[in-house]
Number of protein chains: 2
Amino acid sequence: MADGAGKSQGLTSLNHALGVLAYLSARDQPASLSDIARALDMPPSKAHRYLASFVQFGLVVHTDRSGEYDLGPAALELGLSAMARHDFINETSDALPGLARETNMTALLSIWGNQGATVIRWEKGTSPTVTSFGLGTAMPLLTSATGRAFLAYAPAAPMAQLKASEVDRLRKSPALAPDISRDPDGIEAMIEQVRMQGFSSVDGAFIPGLVAAAAPILDWQGEAQAVVTLVGTDPAAIAPDAGPIGTLLQFCAGHSVPRR
Amino acid sequence: MADGAGKSQGLTSLNHALGVLAYLSARDQPASLSDIARALDMPPSKAHRYLASFVQFGLVVHTDRSGEYDLGPAALELGLSAMARHDFINETSDALPGLARETNMTALLSIWGNQGATVIRWEKGTSPTVTSFGLGTAMPLLTSATGRAFLAYAPAAPMAQLKASEVDRLRKSPALAPDISRDPDGIEAMIEQVRMQGFSSVDGAFIPGLVAAAAPILDWQGEAQAVVTLVGTDPAAIAPDAGPIGTLLQFCAGHSVPRR
DNA sequence: GCAATGCTTTGCATAATATGGAATTAATCG
DNA sequence: CGATTAATTCCATATTATGCAAAGCATTGC
């Protein structure tokens, strides 16, 4: 969420209140009242009243147990509404069942959020019904095909910090990604390979027994604005010259770049 | 988006402002200033200042061409954050080994796929429980603890059809689930019991010699978005007051979405 | 079991600031 | 080019947000 610095226009109280919301959005954990007040340098009573309003609208939930505040269902609904406005998300979503049917694999559509690669559509292989399960799952940056595709096709600057922390996590448990050597060079090599191939793939890294391949949907700057992932069980399906890969690359190319 | 009616607490101006946001969220089109002001019965100048704040934070965009207002990228990010915040797959996966160790049983994480209840994580306990199923296995709806938990905590509509076909199958070979009477009432009674207890269990029904108990991880609406199953050999371990059951229920409650 | 601590919530007087109507600017249409 | 509509800015008024202080409310320690 963008942080509004200048209070030049709008309501000052509303700007302060939205700061609270932005803070909750940027965190990856619930926050206590005092946390919020300290971080935003305001009296706890002030933050408390803002939160009371947000809770009333369901934008924030106040967990009864720990007394902490967290984003609520209305925040989710707001995001879903915002999604419905984006043409490219709609177009790609509509085409996803076709891709799943054609490749007979599960197809995922992910976009980049505060917490990383987030799955927003999930289409199972054989039947055209959309299941809501899996929606919102944040994919790991280094150990999932989806994350790797974002890594290879995202602007370097904002990604660098996240990459560093992920590398740290990987170093602690190298078994997660056996196909990457632990030093930074190994990661760069992996990125380079993804760019050359036009897609990323993992073989049982994120979920044992499953294989996945992912390709980016690019915007006018050649950066990934979304990633489409195919998940299946047959390792042969994600070979560079396999049929599903060709279909996936064609699909992503067709939905890249502003059309019309 | 929930519409907060009572203005009993919080800031009045903030509540009014959030009303504007809720209005934009509820519409499926951009709105002009006068539209908003008319719909919410406030002076245009008032709505304008609210919108100025929202625009500053990127929650709303002001299209230069038509001068209309619409939800912005920050609304999308907020939704993604809310989604990822309760990313049960990653969170639960990470905690599954601990559950297996603590209960000394095999722990399974399942989600609902097109084929039915599908195991996506599998963590063996210390005792060498040899099982024939692996990742991607679809569990039976009526004869497995996992399936029963989904049945009891899933939205009724999409489940009804599947339930009917499963009932048919069961009628042909009643020996599979000796603890359920063959008529639909028997199934409803089983569902009711699962809801009362908060977990389901089977005793050698799916695989002879194995016992299992399963509890749901619930989403905002109180529906199962995943099911955690414990598998073992000792029937005493799945009694309602047994230690592992308490651990399981606590585990699932802890990973469910906090209730308002 | 009682005191003590930390955190959250509420009350209240002050003044900061949100408000609504009118004036100004921008855009649209005959 | 003038007229009409919508969007934005201005300004005096009083509504209402604010910060401090005090009251709940658990949780912790002795």
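## Focus on the sheet that holds strand β3 (residues 106-113) of chain B
Residues and elements named next belong to chain B.
Argument step 1. An order of β5-β4-β3-β8-β7-β6 is seen for the 6 strands of this open sheet, with the pairing classed as antiparallel. Each having just a single partner strand, β5 (138-139) and β6 (200-203) make up the two edges of the open sheet.
Argument step 2. Relative to strand β8 (residues 224-232), β3 runs antiparallel, the two being bridged by 5 bridges. Within β8, the position partnered with Leu108 by the bridge is Thr229.
Argument step 3. Along the sheet face, helix α5 (residues 88-103) touches β3, β4 (116-123), β7 (211-218) and β8 and points at about 150 degrees away from the line of β3.
Argument step 4. Each of β7 and β8 is contacted by helix α9 (residues 243-255), which is oriented at about 20 degrees to β7, the strand it contacts most.

## What about the protein's contact with DNA strand C?
Argument step 1. In the neighbourhood of DNA strand C, 17 residues make up the surrounding shell, with Ser13, Ser32, Leu33, Ser34 and Ser45 of chain A lying closest.
Argument step 2. Within the residue set of the surface near DNA strand C, elements represented by two or more residues are α1 (12-26), α2 (33-40) and α3 (44-57) of chain A together with α1 (12-26) and α3 (44-57) of chain B.

## Remarks on the interface of chain B and chain A
Argument step 1. Contacts between chain B and chain A engage 51 residues on the former and 56 residues on the latter.
Argument step 2. Elements with a minimum of two residues in the side of chain B that touches chain A: α1, α3, β2 (69-71), α4 (73-85), α5 and β3 of chain B.
Argument step 3. At 12 residues, α4 of chain B tops the list of elements feeding residues into the side of chain B that touches chain A.
Argument step 4. Its residues placed into classes, the side of chain B that touches chain A shows 26 nonpolar, 18 polar and 7 charged.

## Some remarks on the sheet that holds strand β5 (residues 138-139) of chain A
All names here are of chain A.
Argument step 1. Spatially, the 6 strands line up as an open sheet ordered β5-β4-β3-β8-β7-β6, and their pairing is antiparallel. The open sheet is flanked by β5 and β6 (200-203), the only strands paired with a single partner.
Argument step 2. Of the strand pairs in this sheet, strand β3 (residues 106-113) and strand β4 (residues 116-123) are connected by 7 bridges, and their pairing is antiparallel. Across the sheet, Ser110 pairs through a bridge with Val119, a residue of β4.

## Structural notes on the packing of α1 of chain A against α3 of chain B
Argument step 1. Contact pair α1 of chain A / α3 of chain B: the axes reach a minimum separation of 10 Å and the direction vectors enclose 35 degrees. For the crossing formed where α1 of chain A meets α3 of chain B, the hand is right-handed. Contact residues: Leu14, Asn15, Leu18 and Ala22 of chain A in α1 of chain A; Tyr50, Ser53, Gln56 and Phe57 of chain B in α3 of chain B.
Argument step 2. In terms of residue class, the contact of α1 of chain A with α3 of chain B is built from 5 nonpolar, 3 polar and no charged.

## Some words on the nonpolar core
Argument step 1. The biggest cluster of nonpolar side chains holds 96 residues, and the ones touching the most others in it are Ala149, Ala213, Ala214, Val227, Val228 and Leu248 of chain A.
Argument step 2. Broken down by element, this core gets its largest block of residues, 8 residues, from α4 of chain B.
Argument step 3. Of all hydrophobic cores here, the second largest spans 46 residues; its members include Ala152, Phe199, Val202 and Leu230 of chain B.

## Focus: the pairing of β7 of chain B
Residue and element names in this part refer to chain B.
Argument step 1. The buried fraction of β7 is high, at 7 of 8 residues.
Argument step 2. Of the strand pairs in this sheet, β6 and β7 are connected by 4 bridges, and their pairing is antiparallel. Within the sheet, the bridge partner assigned to Val202 lies in β7 and is Ala212.
Argument step 3. Adjacent in sequence and paired antiparallel, β7 and β8 are bridged by 5 residues, among which Gly222 carries a positive phi angle near 80 degrees.

## Quick word on the protein's contact with DNA strand D
Argument step 1. Around DNA strand D, 17 residues are found, and the nearest of them are Ser45 of chain A together with Ser13, Ser32, Ser34 and Ser45 of chain B.
Argument step 2. The residue inventory of the surface near DNA strand D, partitioned by class, reads 5 nonpolar, 10 polar and 2 charged.

## A few points about the environment of Leu80 of chain A
Argument step 1. If you trace the backbone, Leu80 of chain A turns up in helix α4 (residues 73-85).
Argument step 2. Considering only alpha carbons, one finds Leu80 of chain A and Ala189 of chain A, 109 residues apart in sequence, at a separation of 36 Å.

Criteria and thresholds
Residues numbered from 1 in each chain as written. Chains lettered and ligands numbered in written order. Predicted model: local features only at pLDDT ≥ 70, side-chain atom pairs only at ≥ 80, totals over all residues. Pairing = 2+ DSSP bridges. Helix = DSSP H or I, 4+ residues; strand = E, 2+ residues; numbered from the N terminus. Contact = placed C-beta atoms within 7 Å. Axes fitted to C-alpha atoms, helices over the stretch in contact; angles between N-to-C directions. Near = placed C-beta within 6 Å. Nonpolar A, V, L, I, M, F, W, Y, C, P; charged D, E, K, R; others polar. Left-handed = near helix turned anticlockwise from the far one by under 90°. Core = buried A, V, L, I, M, F, W, Y, C linked by C-beta atoms within 7 Å. Buried ≥ 20, exposed ≤ 12 C-beta atoms within 10 Å, placed from the backbone.

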